[in-house]
Amino acid sequence: MGMSNQNDHSTALIRLLVMALVLTGVAVLCGGVVVDAVMHPARYAAVEKAGMAEEPVAAAAPVELIENGIDLASGFIAEGEYQLVKTTCTGCHSGKLVLQNRADREGWLAMIRWMQQTQNLWDLGADEDKILDYLATYYPPEDVGRRANLAIEEGGWYWIGE
Ligand code: HEC
């Protein structure tokens, strides 16, 4: 009887210790997340963004914000392979420089070749076809592209970067 009593006490003590250990673990984990969130807010930006869906778009918009079908960061029409074009074509200059031009496929290819020969643009490999498809589709020569043009003006891409 005395023996089993002592066992009960030890079991209770062990349970307490285990619980304290678990609680400490949880506390450390939560503290770690908070510290991480303070030091690296970008990691938690997606969570924030989801919560602010109804808020007006700020000038320093996160990269993937789209308004009226226009990717705000680059000014590109947010369809097709625009993300690939954005990544490839806005590293050296703004998207505006790209959008100041209209051309058919050959015209866009000529601009790419010109940049490769004179501006250190790298070999685009398999991406070249996709990029040309996008540019020739959404930014064709002026007369053909009137509708795309109007859409851009309505989208108001020109105020980006104010
Ligand atoms: C390695 C850097 C670099 C990359 C990447 C780059 N460009 Fe350029 N691009 C330039 C430079 C430099 C100029 C000249 C800028 C100037 O004249 O102010 C230029 C100019 C241009 C022009 C203006 C040409 C003209 O005569 O008006 C267009 C259009 C253009 N780039 C499109 C693109 C597209 C499309 C891509 C993606 C395939 C791209 N660029 C990627 C460096 C680059």
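See above for the structure.
This structure is a prediction, so every number in the text was calculated from the model and none was measured.

### Some points on the overall build of the protein chain
Next up, step 1: If you tally the helices and strands in the protein chain, you get seven helices and two strands.
Next up, step 2: In the protein chain, buried positions account for 25% of the 162 residues.
Next up, step 3: Here the protein chain displays about 11,400 Å² of accessible surface, and carbon together with sulfur accounts for 62% of that area.

### Remarks on a nonpolar patch on the surface
Next up, step 1: On the surface, a cluster of nonpolar side chains totalling about 350 Å² of accessible area is made up of Ile14, Val18, Val22 and Val26.
Next up, step 2: Mapped onto the elements, Ile14 comes out in helix 1 (residues 2-39).

### Topic: unusual backbone geometry
Next up, step 1: With a phi angle near 50 degrees, Asn68 is a residue other than glycine that sits in the positive phi range.
Next up, step 2: Here Asn68 lies in the loop between strand 1 (66-67) and strand 2 (70-71).
Next up, step 3: What makes Asn68 exposed here is its relative accessible area of 56%.
Next up, step 4: One non-glycine residue, Asn120, lies in positive phi territory at about 65 degrees.
Next up, step 5: Along the chain, Asn120 falls in the loop between helix 5 (105-118) and helix 6 (127-138).
Next up, step 6: Using a relative accessible area of 71% as the deciding quantity, one classes Asn120 as exposed.

What counts and how
Residues numbered from 1 in each chain as written. Predicted model: local features only at pLDDT ≥ 70, side-chain atom pairs only at ≥ 80, totals over all residues. Heavy atoms only, no water. Helix = DSSP H or I, 4+ residues; strand = E, 2+ residues; numbered from the N terminus. Buried < 20%, exposed > 50% of the residue type's maximum accessible area, 1.4 Å probe, protein only. Areas by Shrake-Rupley, 256 points an atom, 1.4 Å probe, with all protein chains shown as cover. Patch = residues over 30% accessible without salt bridge, like charges linked within 9 Å, V, L, I, M, F, W, Y side chains within 5 Å. Salt bridge = Lys/Arg side-chain N within 4 Å of Asp/Glu carboxyl O.

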